[in-house]
Amino acid sequence: MPFADLVVGTLLYGALLGVIYGIATAGLSLIFGVLKIVNVGHGAFMMIGAYTTYWFFTLYGLNPVLSLPFSLAIGALLGLAFYYPVVRRVIDAPEMASLLATFAMGLLLQEAARMAWTSDYRGFSWEVARLEIGGVSIYASKLIAAGLALLLLLFHYVVFYRTKLGLAIRAVVQDREGALVVGINVDRIYALSFSIGIAITVASGSLLAIYNPVGINPYMGAILTLKAFVIAVMGGLGSIGGAFIAGVLFGLFENVSYVVLTGIEGVQPLVLTRFIAFTLLLVILLVRPKGLFGR
Amino acid sequence: MKSISTTLVAVVVLVVIVAAIAAVFLMRAPGGQEGAGEEKIVIGMPISLTGKYSVEGEMSLIGALAVIEWINEQGGVKVGGKTYMFDLKYYDDESNPDRVISLTERLITQDKVDFLISPYSSGLTFKAAPIADKNGVLMIAQGAASDKIFQQGYQYVVQVYTPGSRYLTSALDFVKATDPNAKKVAIIYKENEFSRTVAEGARKYAEQLGFQVVFYKSYPADVSDLTPILQELAASQPDIIIGGGHFQDGQLLAKQLAELNINAKLVSILVAPALPKFYEALGSLADGITYPAQWEMGVKYSPDKVPEGYEWYGPTIDEFLKYFTSVAESRFQKQGLKPSYHAAGGGAAVLMLAKALEMAGTTDTDAVRKAMNNLQIQTFFGKLKIDPETGLQIGHDMILGQWQSGSKVIIWPPEAANAEPIYPLPPWSEKG
Amino acid sequence: MVFTNAVRRALRKARLTLAAYIILGVLYLAFPHYSQLIATLMFYMILAQAFNIFMGMTGYIDFGYVAFVAMGAYGMALAVESLYELGWASIIVGFLLAVALSVALASMVGAIALRLRGAYFAIATIGVNEGVRYLIEGANLVGGSEGVIIVRELRATFGRETANFIMTGLADLALLLIGITAVMITALILSTRVGYALQAIREDEDAARALGINVTRYKVMAFTISAGIGGLLGAANWALKGGYVEPAHVFNIHYTVEAIVMVMLGGPGTLLGPIIGGLFYGSMNYFLGVIKPGLQLLFLAPILLAVVVALPKGLMGYVRERVKDPRLRELLT
C-alpha cells in the first residue's frame, strides 16, 4: 500500500473520530463551566445513549439517526432527576463531595444497565453504503455520525450565544452574585445547564454507537470518561469550542503518530500512540496551564 | 426543617455503617441448601458476576452448577464406598483481583469448602492460587488459559482449558490441511498477557508449519479505531488474518476489516465470535469468520466414540444442555440462554474433580491431586488429561468454529466437525 | 528537643488511629479465618491514608495516584525477579526500590503538574498514569503487557512453606507496619508547621504565598511522602502478596477513584477520616457482596449518594461539628 493512502486513511479516520470525541466532551465541559463540577460518571451517561440507539434500532427498527431526539430527551430527564435530589446539594460542598456524588451516579447507571440488559457486548448492523474517499474505504454511517456531531455542536452554540437562557447561563458563569441581584434564578440555571449537559452527553453516546456500532456494554463508560477528561483539559475546561478542537486534535494525533512510530523496531506503534497522546497533554499543559482555550 | 431531616438521614447513615461493619464479622455466608443428613463435598468458586468478566464468569458458574445438578441427580459421587453429593458456594469477585484474595480465603476458612474452582481469567486465578496453595486446597483452574500459572510450581492447581499457547493452532492446522497455497499469515492481537501468549504461540507454530508471518503487531485495550494498524496489515497482503483479544475489540476488528475492505482467505478471531451476540452485532458480515474455541454446542463427542486410552465420563452433550437450560432458567432467570465454551469449561472442572475423587477413593486432597495425574477422560467437553509435573492441561484440543448463515458450526478438527467449511472467505464487498 | 515534642504531640493525636490498626492486628491473629479480609481492609485504609496526605491536606486531587502504587509494585517485583538468590535481602531491596521508584516518579510529576491548579492538575496526573502504562506496554519495558511474575522466584528461594508465608503472612505484617507509618507521618504533619502551611495552601494558595509560605516546597513534600507510602503499599500488597504485577491491573484508575471515595467518606484532611472511610467502604462492599453476590454495587451506589447528600463533609466532619467537648474533639482529629 502506498504511503499516501496510509496517511489519507489515518487522517480521515482520525479526524472523524476526533469530531465524536469533541462532542462527547462538550457536555462535560458545559457542566464544569457552569456548575464547577467534574462529572466522574460522564462515560456512564454516554453508555445510556449508546444503549438507547441500540434498543430503538433492535426492537423497533428505528433509524439510528432518529434515536437522537430520544437520547436528548432521556438525557435531559436524567439530568433533572439527578440534579434536584443530589447535585444541587453538593454544588457548594467541597470539590470532593461532587466527585463522590458523580462517581456514585455513574456506578448506579452502570449497575442498573447491567441488571436490565446484562453485561453482554452488543452491537447492531445498520446497512448503509460503504464509500471510497481518496482510495480509502469507509462506512457512510461514520460520516453521518460526524455530521450529526457538528449539528449538535451548532445547536449547543445557538443555545449558548443566541438565546436568553444562554445569556443567563453566561451571566451566572461570570458572576453568580451579580446574576442573583439582577433577578436570575441561579438554581434554575444550574438545573437547566446540568440537564442540557447530560442531554448532550447522552446524545454523544448515541453518536458513538452510530460511529462504532459494536462493543456496547455497561462498562464501556470508564475509558470514555478518561478520554473526555483529557480532551476537556487540553481544550481548556469550560470552553466548548476548545473541547471540540482538542477532540479533533486528539483523534488526529493518535492516528498520525502511528505512521511515525511504525518505523521503530521492537515497539508496538498503536499502543505507543496512547503514550504519545498523553505526553502531548502534558506538554500542552506545561505551555498553557489552562489548556489551549482556557481563561 | 431541613436541618432536622439532614440530621435524621445522618443518624440513619451512621447506624447503617456501624451495623454493616459489625455484620461483616458476624454474618455467615448463605450457602447451598442443607441436605438431610447426606454426606456432602462442598466446592467453592469466586466468580465474576459483575465487572469486565461477568459474561464469561456467569457462563462458567451456570455450567458448573449444571454438571453438579446432573451428578447429584445421578445419585452423587462414589468415593471409597461412600456416596457424596456436591454443593457449590460462590461469591462475586467483581472481576477485581484484590477481592479474589479475600473471597478465596473466606471460602476456604469460613465456608470450609473442600475444593476450589478458580475464578474466570488467568489474572484472577493468579491471585487465588497462593491462597489455595497455602491452605493446601486443590483448585481446578477453569477459564484460565495462561501457561504461566503452571510454571510457578504450584502443587494444588490443575488446568481445564487448553493453554493459550495452543489457542490458534487449530486455525493454522486447518489451513495447512486445506490450502497448500496459503502462505502469508498476519497476526494482530490485543496487548495483554493472554492475547500475547496466544499470539506468540501462533507465531511459533505458524513458522513450524512453514507459514510466513508477514505482520505481527498489537493494539491497546479499549481501542476505538484500528484504521492505522489495519492499513499497514493490508499492505502486507496476508492470506490469513488471525488474532484478536476480547469481546469489544474483537467485534471492532471484524467490523473494521470489512469497512476497510481488507480481504483474506481466512479470518480467525479470539473470544468475541464465540458468543451469539457477535452475529447480532455484525450481521451477515460475521458469516465465514472463524474462531478458536475450547468447545462448541455442535461438537460430536459421545460415549460411542472414545479415543484410545481415554474413557467416557459425565453427562452427554444433550444432558448437559438440558441441565444448563434448567439452571439458567430456574436460578438465574435467563430464558433461552445457550452455553458458550466458558459454560462447558466450568462444567468440565466439576467432572475432573468428580472423576479424580472416584479414582482416589478418598476425599483427602493430596490423594485426589495424585489421582488427577492418572486421569484420562473423554467428556462432553472433549478430552481431559494433565501434565503430572505442572498441572497444565495436555489432553484437551481446541476446535475451530465458523459462523455460517447466522449459526455456529465446527469445521476443525475433522473428528469434531459438523459442517463443511466456507473457504476461502468471500470478499466483504459481496456481503453488503 | 523540638522534634521529640512534635513526636509526643503526634502520638497523642494518633492515639485512636493507632489503636484502630492495633485492634486490626489483634483481630488478625485472633481470627485467622478473617485474616485476608482484614488485610484487604488494611489495604483500603492505607490507600486512603496515603492519598489523604496529599489530597486531603492540600485539596489537590491526584487522579493518577495509582501510578505511584504501581511503581512500588514494580520496584518490589523487579528486585525479587533479579536478586532472588540473595534471599531476604532481595525483599528488603524491593521495599527500598519501591520507595525510590515512586518518589522518583513523584518528583518528575511534581515538577510538571504541581504548577497546575484544580481540575487541570487532576487530569494532568491521569495523563501521567496512562502515559507510563502505555509506555511500558508499547515499548515492551519490564515485561510489557505481561508484567512481572515472581511466584516462581519466591518459591525457588524460600521453598513452598516460606513463600506462602511471605505472600500471606509477611505481606500482611508489612501492611500493618506501613499503615502505622502512614498514621505517624500524617500525625507529625498535622502537629507541626508543615500541617499549618498545607492547610493554608488548601484554604487559599495565593494568600499562603503572600504570607511568605514556601508553597512549592510544602506541596512537593506532601506529594512525595504520599507517593512513597503508596509505593510501599504497592510493593507489599500487589507484588509480595499477589505475586504478579500486571500493568492493566496496577495502573487501573479505579483505585484512585476508590481512594477519593474513601477519603471523602471519612473526611479529608483528618487523621481518623480516611481510616473510617476505608473501613466503611471496604467492609460495606465485602458485606454486600457476600449476602447478595452480584448486586453489591447496585446497593452501594445509593448508599454513597445518601452519605454525600447527608454528610457532605464526610463522616468525621459531621461528628466533629456536633462534638462540643474539646478533649473528645482532639481525639477525633
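Before going further, it helps to examine the overall build of chain C. Summing up its helical and strand segments, chain C has 16 helices and two strands in all. For 333 residues, the compact-globule estimate of 2.2 N^0.38 gives 20 Å, and the C-alpha radius of gyration of chain C, at 20 Å, lies within 12% of that figure. Considered along the principal axes of its C-alpha atoms, chain C spans approximately 55 × 50 × 45 Å. Of all 333 residues assigned to chain C, the portion counted as buried reaches 65%.

What follows is about unusual backbone geometry. All names here are of chain B. Cis geometry marks the peptide bond from Trp412 to Pro413, where omega comes out at -5°. Mapping Pro413 onto the fold places it in the segment after strand S16 (407–412). In this chain, Tyr423 is followed by Pro424 through a cis amide linkage whose omega measures -5°. One non-glycine residue, Gln237, lies in the positive phi region at around 45°. Phi is positive for Ser405, which is not a glycine, with a value near 45°. Structurally, the position occupied by Ser405 is in the loop between strand S15 (399–404) and S16.

All names here are of chain B. The final tally for this structure, using the stated rule, is 32 salt bridges over all chains. Here Asp179 ties to Lys265 by a salt bridge, and the two come within 3.2 Å at their closest N and O atoms. Of this pair, Asp179 sits in the loop between helix H5 (169–178) and strand S7 (184–190) while Lys265 sits in the loop between helix H8 (247–259) and strand S10 (266–269); the two residues are 86 residues apart in sequence, bridging distant segments of the chain. Residue class for Asp179 comes out buried when judged on its relative accessible area of 9%. The residue Glu232 makes a salt bridge to Lys217 at a minimum N-O spacing of 2.9 Å. Separated by 15 residues along the polypeptide, Glu232 in helix H7 (residues 227–235) and Lys217 in strand S8 (residues 212–219) bring together distant segments of the chain.

Right, let's talk about a nonpolar patch on the surface for a bit. All names here are of chain A. Side chains of Leu151, Leu154, Tyr157, Val158 and Tyr161 sit close together on the surface and give an oily, nonpolar patch of about 490 Å² of accessible area. Tracing the sequence through the fold places Tyr161 in helix H5 (residues 140–162). Residue class for Tyr161 comes out partly exposed when judged on its relative accessible area of 38%.

Every contact between the two is made by 40 residues of chain C and, on the other side, 46 residues of chain A. Summing the contributions of chain C and of chain A, the shared interface buries around 3,900 Å²; its carbon and sulfur component is 84%. Per-residue buried area on chain C facing chain A is highest for C:Tyr120, C:Ile123 and C:Tyr134; these three make up 17% of the total on that side. Remark: the boundary between chain C and chain A carries zero salt bridges. Here the side of chain C that touches chain A takes 13 residues from helix H6 (residues 118–138) of chain C, the largest share from any one element. When its residues are assigned to classes, the side of chain C that touches chain A shows 32 nonpolar, five polar and three charged.

Residue and element names in this part refer to chain B. Helix H6 (residues 193–208) packs onto H5 with a crossing angle of 25° between their chain directions and a minimal axis gap of 9 Å. Between H5 and H6, the angle falls in the class roughly parallel. Every pair of crossing elements has a handedness; the one defined by H5 and H6 is right-handed. Packed against H5, whose contacting residues are Thr169, Leu172 and Asp173, the element H6 presents Ala202, Tyr205 and Ala206 at the interface.

Any two packed helices are characterised by how steeply their axes cross, that is the angle between the axes, and by the distance between the axes. All names here are of chain A. Where helix H3 (residues 67–90) meets helix H4 (residues 95–117), the axes come as close as 10 Å, and the angle between the chain directions of the two elements is 150°. Classified by the angle between their axes, H3 and H4 sit roughly antiparallel to one another. Seen along the crossing, H3 lies across H4 with a hand that is right-handed. Taking contact as the criterion, the partners of Leu78, Phe82, Val86, Val87 and Val90 in H3 are, on H4, Ala97, Ser98, Ala101, Met105, Leu108 and Leu109. For the contact of H3 with H4, the per-class residue count stands at ten nonpolar, one polar and no charged.

Once that is clear, we can look at the sheet that holds strand S3 (residues 82–92) of chain B. All names here are of chain B. Reading across from one edge, S2-S3-S1-S4-S5-S6 is the order of the six strands in this open sheet, with mixed pairing throughout. The open sheet is flanked by strand S2 (77–79) and strand S6 (157–159), the only strands paired with a single partner. Strand after strand, the sheet turns through a mean of 30° between neighbouring axes, direction not considered. As judged from the eight bridges shared by strand S1 (residues 40–47) and S3, these two strands associate in the parallel manner. The partner of Ile43 across the bridge, within S3, is Leu88.

Take the confidence of the model for chain B next. On average, residues of chain B score 89 in pLDDT, and 91% of them reach the 70 mark or higher. Predicted confidence for residues 29–36 of chain B stays below pLDDT 50, and this span has 13 contacts to residues more than four positions away or in other chains.

On to the domain arrangement of chain B, then. Residue and element names in this part refer to chain B. The domain boundaries assigned to chain B delineate domain 1 (40–162 + 300–384) and domain 2 (166–293 + 399–431). A C-alpha centroid distance of 29 Å is found between domain 1 and domain 2. On the side of domain 2, 17 residues touch domain 1, which itself brings 16 residues to the contact. Both sides of the domain 1 and domain 2 interface together cover about 1,300 Å² of buried area, and 61% of this is carbon and sulfur. When residues of domain 1 are sorted by the area they lose upon contact with domain 2, Thr162, Lys300 and Tyr341 head the list and together hold 40% of the total. Glu193 is paired through a salt bridge with Lys148; the nearest N and O atoms lie 3.5 Å apart.

Our focus in this paragraph is helix H10 (residues 317–332) of chain B. Residue and element names in this part refer to chain B. Here H10 contains 16 residues, and its C-alpha end-to-end distance of 21 Å stays within 8% of the 22 Å for a straight helix at 1.5 Å per residue. Every buried residue of H10 is accounted for by Ile317, Phe320, Tyr323, Phe324, Val327, Ala328 and Phe332. Projected down its long axis, H10 carries its buried residues within an arc of 135°, all on one side. For H10, exposure combined with an orientation more than 90 degrees from the buried face picks out Asp318 and Lys322. If you follow the buried residues of H10, they end up packed against helix H2 (54–73), S3 and helix H11 (341–360). Two residues or fewer past H10, Gln333 is found with a positive phi of approximately 50°.

Conventions used here
- Residues numbered from 1 in each chain as written.
- Chains lettered and ligands numbered in written order.
- Predicted model: local features only at pLDDT ≥ 70, side-chain atom pairs only at ≥ 80, totals over all residues.
- Heavy atoms only, no water.
- Helix = DSSP H or I, 4+ residues; strand = E, 2+ residues; numbered from the N terminus.
- Rg over C-alpha atoms; globule rule 2.2 N^0.38 Å.
- Buried < 20%, exposed > 50% of the residue type's maximum accessible area, 1.4 Å probe, protein only.
- Salt bridge = Lys/Arg side-chain N within 4 Å of Asp/Glu carboxyl O.
- Patch = residues over 30% accessible without salt bridge, like charges linked within 9 Å, V, L, I, M, F, W, Y side chains within 5 Å.
- Areas by Shrake-Rupley, 256 points an atom, 1.4 Å probe, with all protein chains shown as cover.
- Contact = heavy atoms within 4.5 Å.
- Buried area = accessible area lost by both parts, 1.4 Å probe.
- Nonpolar A, V, L, I, M, F, W, Y, C, P; charged D, E, K, R; others polar.
- Axes fitted to C-alpha atoms, helices over the stretch in contact; angles between N-to-C directions.
- Parallel < 35°, antiparallel > 145°, perpendicular 65-115°, else oblique.
- Left-handed = near helix turned anticlockwise from the far one by under 90°.
- Pairing = 2+ DSSP bridges.
- pLDDT = per-residue confidence, 0-100.
- Domains from an automatic or database assignment.
- Expected span 1.5 Å × (residues − 1).
- Arc of directions from axis to C-beta.

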